[in-house]
Amino acid sequence: MGIVTVGREAVVEQPAAPLDHFDGFQSLVDPDHTNLESGLDLAASILPAGFRRRIILVSDGQQNIGDAVASAGLLHQQGIRVDVLPERVKSGPEVLVDRVDGPAQLHVQERFPVTVWINSNVVSAARLDVFADQRLVQSRSLRLPVGESHVTLYESPLAPGPHRLQIHLTPAKDTQPQNNSGSLFTIVQGAPKVLVIAQNRTEAGDVLSSLRSTGLQTVLRAPKEVPPSLPYLQTYGAIVLVDTPAPSLGTDLMNQLVPYVRDLGRGLVVIGGQEAYGVGGYGQTPLEKILPVKMDLPQRRDTPSAGVVLIIESLEANMPVNISKEAGKGVIRLLTEQDQVGIIDTPNDGGAGWVVPLQNVRDKTTILHDADIMLPGDPGSYAPYLQAAYASLRTASVKVKHIILLGDGDAQDPSYHSVLKQIRAGGVTVSVIATNVGSPGDVKTMQNIARWGGGRFYRADDVNSIPRIFLREATTVARSGIVQGKFYPQKLSSNPMVRDLSRIPPLYGYVATAPKATGELVLVSKNLDPVLAGWQYGLGRAVAWTSDASGLWTHDWLAAPEENRFWADVVNWTLPASTGQRMFVAATQAGGQEIVSVQVPAQLGLSATVRARIVSPALQGSNVSLDPTAPGQFRGAFQVGSAGSYGITVEARGNGHADVVQTGADVPYSPEYRAIGTNTAVLRQVAKVGGGSLFTQPGDAWRTNLAGVSGQKDLTTLLWILALLLLPIDVATRRLLLGRRDLLALRRAVGLSDAPSIGDQPLSPAAPRRHVPATARTDYSPRPLRRETEPGSGNVPSTIDQLLAAKRRRQ
């Protein structure tokens, strides 16, 4: 007996083998779907040949993926009987939202109907609530009959862009609340909105004026006001980041920007300043992945060399990963060979504590290993380590000298002011990262160290932010990348972003970055560093402007008459190519799949290609090719996994035209909650076409009602036993050399014959002297052959005694 477990997929719980007990189910399957077909197929594959074969399906029959009936029929044709043991499921009062119908696309100021289909096995009162983008817009009381019913609601016009309508039903009588919701995606055609994110709102003033003067609807938000949610972000056609550091954006929001551009085809524009790009900690973040430039600068003569000493105290926090170690290793990876780095781990005994003495970053492997094995302590004072770091940096042949201290501030010492005054006077700066700080006095101590040391103070209550702060400090000090001085950008491309610039004004600074291989350089500095660059990232576009937008380095640029159109041209280049006004897209769910149907405009021609980009609730992207089903109509499907929202971006191309439209699909609950009770009809059909029957008792599984089969039996063991039994006989026949006279003497000795003894019989004169046959002389015995004894020699009794002794031994 073998056991197969079935959910969305099937797994072998117990291979087919002699089985007299079962320890319980250990395998994990996706419980949100049931695929009985895959379970039957897998069970058939593990049945051994040469046996009468039976599959017993133990189920409530509520399948929502695959066709168990068709699979059972095929198995019956292969000689496998399929029996069914129904699993009886009790059902109580149940009300569920079956589906929600409504238009997938709308025009501006258009009212639209929403139809909610409801199934109920009991008469019940209920309340129906409608939410548009998580905002309650309508509520209604209902009286639900038994069976299927529907209610149609008319909704007010929505703003341009995609929208998600959620329906929630609250019945008075119900058993499973999980199936009381539904949803609808729709998109309102109109001018796209632009979201501007700026840490300092005043720096975004000129950008906002430019966008709004050209008719773009623009919203300004601080980073903390932007929910890190893809459904929220997709209501905007493009996002503009104005001089905003990565820590202010947060990892969650930056992670959402990746599918926003790559999978939804939206635009991203990043404008520089003193808090952006390398100095803003963009390196090694999802934001750097989207941009056409990278923060890892190539080594150049005009880049200052740097010396950085990291003083790391124990975090005194129980974590599976030592964040302070990982942060230090991240700084080391960022530095180049001409830079120098040192690490002090603050031992409790007040010693020097050098884990990595100050040295050029040539052998990164060894330095990273030394950093990985360090054991930071909890010192009584930071002064000895600050002095040790300063003494080492003071004589270092580098242009930038910096100390980064990570600690909790509980090491009080009145000498800090004098020590740091000496360090600052020697051209070395000190920044502080305070974590796990226990009291306001400890915070004040750490703030004073940063202030007296001429560096920055960071409060890292979330230890996971420490690596990013370390990297920002290392980038800011060791390779700030800010290049200042007047220059005229050189135009390398006729990209539409600069089509309204009749002349290019001078700039006075920018943040140095390096171009990516497939990026398009539009404007560059005299050092050929990117000033304006763009590229296609997945379905969307991203642009990097490495100078600022507030007049710090762009005061001549902002005074130019063309500047008002410049920011609008940049943003317009990143907006989706089309709002999808000529293409119709619909998404419906069936059989565990989402069916995407598309009707394309005639100008795309018969050879149009259509594909869809799917974004799952886990932000995993996948591509689906849509096949033509009729002239101008295409269709494709993708597997629906867990419950949640799926973003769908459809792109159609043909005859030199392109069209893009976005919609979505929502799986409000698992289809397991759609089924009620036991589906006896399906189970009976499976048993019928499978050549089996419905069991009433588990013992019915062992009835001998299976047809016989021809099989093979392995005789290897039996033949080995036979060979072992025959081996002594084989040895005996080869070792014992018995002639005719020996056999007669043997018969006489054991009383089997009355014939006279061999010694009394006269020999025939004509009889030759007998020798051992040649075949016997050529024997396999290690002993030499002996000649047969002469009659009356007296050797026969000895031979007989040996034979009898051998017989007794054998007995």
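Conventions we followed
Residues numbered from 1 in each chain as written. Predicted model: local features only at pLDDT ≥ 70, side-chain atom pairs only at ≥ 80, totals over all residues. Heavy atoms only, no water. Helix = DSSP H or I, 4+ residues; strand = E, 2+ residues; numbered from the N terminus. Buried < 20%, exposed > 50% of the residue type's maximum accessible area, 1.4 Å probe, protein only. Contact = heavy atoms within 4.5 Å. Areas by Shrake-Rupley, 256 points an atom, 1.4 Å probe, with all protein chains shown as cover. Arc of directions from axis to C-beta. Pairing = 2+ DSSP bridges. Axes fitted to C-alpha atoms, helices over the stretch in contact; angles between N-to-C directions. Salt bridge = Lys/Arg side-chain N within 4 Å of Asp/Glu carboxyl O. Parallel < 35°, antiparallel > 145°, perpendicular 65-115°, else oblique. Left-handed = near helix turned anticlockwise from the far one by under 90°. Nonpolar A, V, L, I, M, F, W, Y, C, P; charged D, E, K, R; others polar. Polar contact = N/O pair within 3.5 Å; in protein donor to acceptor, adjacent residues only side chain to side chain. pLDDT = per-residue confidence, 0-100. Patch = residues over 30% accessible without salt bridge, like charges linked within 9 Å, V, L, I, M, F, W, Y side chains within 5 Å.

**With respect to the overall build of the protein chain**
Phase 1: Secondary structure summary: the protein chain contains 20 helices and 38 strands in total.
Phase 2: Counting only residues that meet the buried cut, the protein chain has 47% of its 811 residues in that class.
Phase 3: Sequence separation of at least 24 residues holds for 71% of the intrachain contacts in the protein chain that already meet a minimum separation of 6.
Phase 4: When the accessible surface of the protein chain is summed, it comes to about 39,500 Å², and 52% of that surface belongs to carbon and sulfur atoms.

**Regarding helix α11 (residues 416–425)**
Phase 1: Among the residues making up α11, those that are buried are Y416, V419, L420 and I423. Projected onto a plane normal to the axis of α11, the buried residues spread over an arc of 90 degrees and lie on a single side. Exposed residues lying more than 90 degrees from the buried face of α11 are K421 and A425.
Phase 2: Its buried side turned inward, α11 meets α10 (383–394), β21 (400–407), β22 (429–434) and α12 (440–452).

**Comments concerning the sheet that holds strand β10 (residues 147–155)**
As a general point, the strands of a sheet are linked pairwise by backbone hydrogen bonds and lie either parallel or antiparallel.
Phase 1: The three strands lie next to each other as β5-β7-β10, forming an open sheet whose pairing is antiparallel. The sheet terminates laterally at β5 (95–101) and β10, the two strands that pair on one side only. Strand-to-strand twist in this sheet, taken as the mean axis angle between neighbours without regard to direction, amounts to 25 degrees.
Phase 2: Bridge count between strand β7 (residues 112–120) and β10: nine bridges; the pairing is antiparallel. Across the sheet, residue V116 finds its bridge partner in β10, namely V151.

**Topic: the pattern of salt bridges**
Phase 1: If you walk through the whole model with that rule in mind, you get 16 salt bridges.
Phase 2: Note that D263 is salt-bridged to R613, the shortest N-O span being 2.3 Å. Taken together, the residues span a long stretch of sequence, with D263 in the loop between α6 (251–262) and β16 (267–271) and R613 in strand β33 (residues 609–615) at a distance of 350 residues. You'll find D263 and R613 in the same group, each marked buried.
Phase 3: Among the charged side chains, a network of salt bridges with common partners joins D98, R99, D101 and R674.

**Remarks on the packing of helix α1 (residues 36–45) against helix α2 (residues 68–77)**
The relative placement of two packed helices comes down to the angle between their axes together with the axis-to-axis distance.
Phase 1: It is at 8 Å that the axes of α1 and α2 come closest, and there the two elements cross at 20 degrees. Considering their axes alone, α1 and α2 lie roughly parallel with respect to each other. Between α1 and α2 lies a crossing whose hand is right-handed. The segment α1 lies against α2, with L36, E37, L40, D41 and A44 engaging A68, S71, A72 and L75.
Phase 2: Of the residues that constitute the contact of α1 with α2, the class distribution is six nonpolar, one polar and two charged.

**What about the environment of R565?**
Phase 1: On the secondary structure map, R565 appears in helix α15 (residues 563–574).
Phase 2: Of the residues examined, R565 reaches a relative accessible area of 34% and is grouped as partly exposed.
Phase 3: In this structure, the C-alpha to C-alpha distance between R565 and S209, residues 356 residues apart in sequence, is 9.8 Å.
Phase 4: If near-sequence neighbours (up to four positions away) are discounted, R565 is found in contact with S210, T214, R499 and D500.
Phase 5: Separated by 3.3 Å, the side chains of R565 and D500 make a polar contact.

**Focus: the side chain of D666**
Phase 1: Among the structural elements, D666 can be located in strand β37 (residues 657–667).
Phase 2: Look at D666 and you get buried, because its relative accessible area is 13%.
Phase 3: At 2.6 Å, the side chain of D666 and the side chain of S183 are in polar contact.
Phase 4: A distance of 2.8 Å separates the side chain of D666 from the side chain of S645, its partner in a polar contact.
Phase 5: The residues touching D666, leaving out its near neighbours within four places in the chain, are R164, S183, F185, Q589, G644 and S645.

**Some details on the confidence of the model for the protein chain**
Interpretation of the predicted coordinates at a detailed level should be avoided for regions scoring low in pLDDT.
Phase 1: When pLDDT is averaged across the protein chain, the result is 82; 85% of the residues are at 70 or more.
Phase 2: Across residues 757–804 the pLDDT falls below 50, and counting only partners more than four positions away or on other chains, this stretch makes 40 contacts in the model.

**Some thoughts on the sheet that holds strand β38 (residues 691–694)**
Phase 1: Strand order in the open sheet made by the three strands is β3-β4-β38, with parallel pairing throughout. Only two strands of the sheet have a single neighbouring strand rather than two, namely β3 (54–59) and β38. Averaged over all neighbouring strand pairs, the angle between strand axes comes to 20 degrees, with direction disregarded.
Phase 2: Both β3 and strand β4 (residues 81–86) contribute to a ladder of six bridges, which runs parallel.

**What to know about the packing of α2 against helix α16 (residues 680–689)**
Phase 1: Relative orientation of the contacting elements α2 and α16 amounts to 15 degrees, with a least axis distance of 8 Å. If you check the angle between α2 and α16, you find them roughly parallel. Along this stretch, α2 crosses α16, giving a crossing that reads as right-handed. Taking contact as the criterion, the partners of A68, V69, A72, G73 and H76 in α2 are, on α16, V682, Q685, V686 and V689.

**Description of the environment of D206**
Phase 1: Topologically, D206 is positioned in helix α3 (residues 205–213).
Phase 2: If we skip the residues at most four places from it in the chain, D206 touches A549, L558, E563 and W567.

**A few points about the pairing of β22**
Phase 1: Of all the six residues making up β22, six are buried; the element is thus mostly covered by neighbouring parts of the structure.
Phase 2: Of the two faces of β22, the one holding T429, S431 and I433 and the one holding V430, V432 and A434 are both buried throughout.
Phase 3: Relative to β22, β21 runs parallel, the two being bridged by six bridges. Bridge pairing in β22 places I403 opposite V430.

**Here we look at unusual backbone geometry**
Phase 1: Even without glycine at this site, D133 takes up a positive phi of about 55 degrees.
Phase 2: With respect to the helices and strands, D133 occurs in the loop between β8 (124–132) and β9 (135–144).
Phase 3: For D133, a relative accessible area of 37% translates into the label partly exposed.

**As for helix α9 (residues 364–372)**
Phase 1: Looking only at α9, the buried set comprises I367, L368 and A371. The buried side chains of α9 occupy one side of the element, clustering within an arc of 100 degrees when seen end-on.

**Regarding a nonpolar patch on the surface**
Phase 1: Where nonpolar side chains cluster on the molecular surface, the patch consists of L715, L718, L719, L722, L726 and I729 and spans about 560 Å² of accessible area.
Phase 2: Looking at the secondary structure, you find I729 in helix α17 (residues 716–735).

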